[in-house]
Amino acid sequence: MIAIARLALAALAVALSGGAGIAAPRLPPGFVALRDVAPTIVEDIRYAGPNNFVGRPLPFYRAAACWLHRRAAEALARVQQEAEREGLTLVVFDCYRPVSAVAAMNDWAAQPAAPLARWHPTLRRERLVSLGYIARHSGHSTGFVVDLVLAPNNRPAPRVTAADCRSPEAIAADATLDFGTTFDCLAETAATARPGLTPNAHRNRLKLLRMMAVGGFRNYAREWWHFTLPGGGERYDLPVDR
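Sequence positions are assigned chain by chain, starting from 1 and proceeding in written order. Thresholds applied to this predicted model are a pLDDT of at least 70 for local features of residues and 80 or more for the giving and counting of side-chain atom pairs; totals over whole chains, interfaces and linings are not thresholded and use all residues. Excluded from the side-chain calculations are hydrogens and water; all other atoms, namely the structure's heavy atoms, are used.

## Considering the environment of phenylalanine 60
Locating phenylalanine 60 in the fold gives a position in the loop between strand E2 (42–43) and strand E3 (67–69). Relative accessibility under 20% of the residue-type maximum defines a buried residue, over 50% an exposed one, and the middle range a partly exposed one, all with a 1.4 Å probe and only protein chains included. With a relative accessible area of 27%, phenylalanine 60 lands in the partly exposed category. Any two residues whose heavy atoms approach within 4.5 Å are treated as being in contact. When near neighbours in sequence (up to four residues on either side) are disregarded, phenylalanine 60 contacts Pro98, Ser100, Asp237, Leu238, Pro239 and Val240. Each helix corresponds to a stretch of at least 4 residues labelled H or I by DSSP, and each strand to a stretch of at least 2 residues labelled E; elements are numbered beginning at the N terminus.

As structure tokens, this is what we get:
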């Protein structure tokens, strides 16, 4: 929280001064743009646009860019090398997530609504926080957490669909390997070790776990796409830009 307050004061100082003579920090301390460390990783940053469970861009995503703490970015570069040896690539859907974006997710989740076929087909919106699908205080804001998948290294352009996130149609639209659900599928089926998966989806989840272990990442058991590099630091609230 101290880091967040410090950065907020810096931004306020810039605003009050009109920016003259004061340079606001572009990246949080120790962070890098992933493209500068691992340029072959595909960046498909979902919260910078409307193709996500909220249905609109989230605050402080001013560009579809992946920022991470340098240690996490370098670890991910090692994983990408392993993926490329198998004719695959990593596709990152979310990296550093500003605190303001996390708050917007929680605000959205607090609004009662019927299940939405695309993103949370079996769970009511107001239960998503208590069930652990949406974090009140996300590790993404530290730059040590990443949401990602594996895809063929010649991945075609993804498509937007209204299909259930557990359906073959939705998975095909994302143009990734088949993991049994899409990224951000807020359903019990997204649990990494969920029984009843097809053999192909089960193998692909194990493959992703194995590759991410090369970089020292640990999986969040409720979401097969969510990985953390242990040793994360403070949370930040700077806007993501180019």
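## Observations concerning the state of the cysteines
Pairs of cysteine sulfur atoms within 2.5 Å are what we label disulfides. In this structure the tally under the stated criterion is two disulfides. Note that cysteine 66 is cross-linked by a disulfide to cysteine 95, the S-S spacing being 2.0 Å. The sign of the S-S torsion, about -105°, decides the handedness of the disulfide formed by cysteine 66 and cysteine 95: left-handed. Of this pair, cysteine 66 sits in the loop between E2 and E3 while cysteine 95 sits in the loop between strand E4 (88–94) and helix H4 (99–109); the two residues are 29 residues apart in sequence, bridging distant segments of the chain.

## Describing the side chain of aspartate 44
Looking at the element boundaries, aspartate 44 is found in the loop between E2 and E3. A 3.5 Å cut-off defines polar contacts: any pair of N or O atoms within that distance qualifies, except that in protein one atom must be a possible hydrogen donor and the other a possible acceptor, and neighbouring residues in sequence count only when both atoms are side-chain atoms. At a separation of 3.2 Å, a polar atom in the side chain of aspartate 44 contacts the side chain of arginine 155. Filtering out sequence-adjacent residues up to four positions away, aspartate 44 remains in contact with Val91, Val92, Phe93, Arg155 and Pro158.

## Considering the pattern of salt bridges
Any two side chains of opposite charge can pair, given that their charged atoms come close. Any carboxyl oxygen of Asp or Glu within 4 Å of a side-chain nitrogen of Lys or Arg constitutes a salt bridge here. In the structure shown here, the tally under the stated rule is 12 salt bridges. Linking glutamate 74 and arginine 70 is a salt bridge whose minimum nitrogen-to-oxygen distance equals 3.6 Å. Of this pair, glutamate 74 and arginine 70 both sit in helix H3 (residues 70–85), four residues apart, which is roughly one turn of the helix. Across the salt bridge formed by arginine 210 and glutamate 82, the nearest N and O atoms sit 3.3 Å from each other. Residue arginine 210 is located in helix H6 (residues 199–214), and its partner glutamate 82 is located in helix H3; the two are separated by 128 residues in the primary sequence. With a relative accessible area of 39%, arginine 210 lands in the partly exposed category. With relative accessibility at 17%, the residue glutamate 82 sits in the buried group. Salt bridges sharing partners connect three or more residues here, namely Glu82, Arg85, Glu86, Lys207 and Arg210.

## Topic: unusual backbone geometry
Positive phi outside glycine occurs at alanine 175, with the angle close to 60°. On the secondary structure map, alanine 175 appears in the loop between helix H5 (168–174) and H6.

## Structural notes on the nonpolar core
If you look at soluble globular proteins, the nonpolar side chains tend to sit buried side by side. Grouping buried Ala, Val, Leu, Ile, Met, Phe, Trp, Tyr and Cys residues that are joined through side-chain atoms within 4.5 Å yields what is termed a nonpolar core. Residues Leu76 and Val92 are the most contacted members of the largest nonpolar core, which totals 55 residues. When residues of this core are traced back to their parent elements, those giving at least two are H3, E4, H4, strand E5 (145–152), H6 and strand E7 (223–228). Looking at this core element by element, the count peaks at seven residues for H3. Here valine 92 is in contact with Leu34, Ile41, Val42, Glu43, Asp44, Ile45, Cys66, Leu76, Val146, Asp147 and Leu148, once residues within four sequence places are set aside. With eight residues, the next largest nonpolar core counts Phe31, Ala65, Trp67 and Leu238 among its residues.

## Description of the side chain of asparagine 52
Along the chain, asparagine 52 turns up in the loop between E2 and E3. Since its relative accessible area comes to 1%, asparagine 52 is described here as buried. One polar contact links the side chain of asparagine 52 to the main-chain carbonyl oxygen of glycine 49, over a distance of 2.7 Å. With residues near it in sequence (within four places) discarded, asparagine 52 still touches Arg46, Tyr47 and Trp119.

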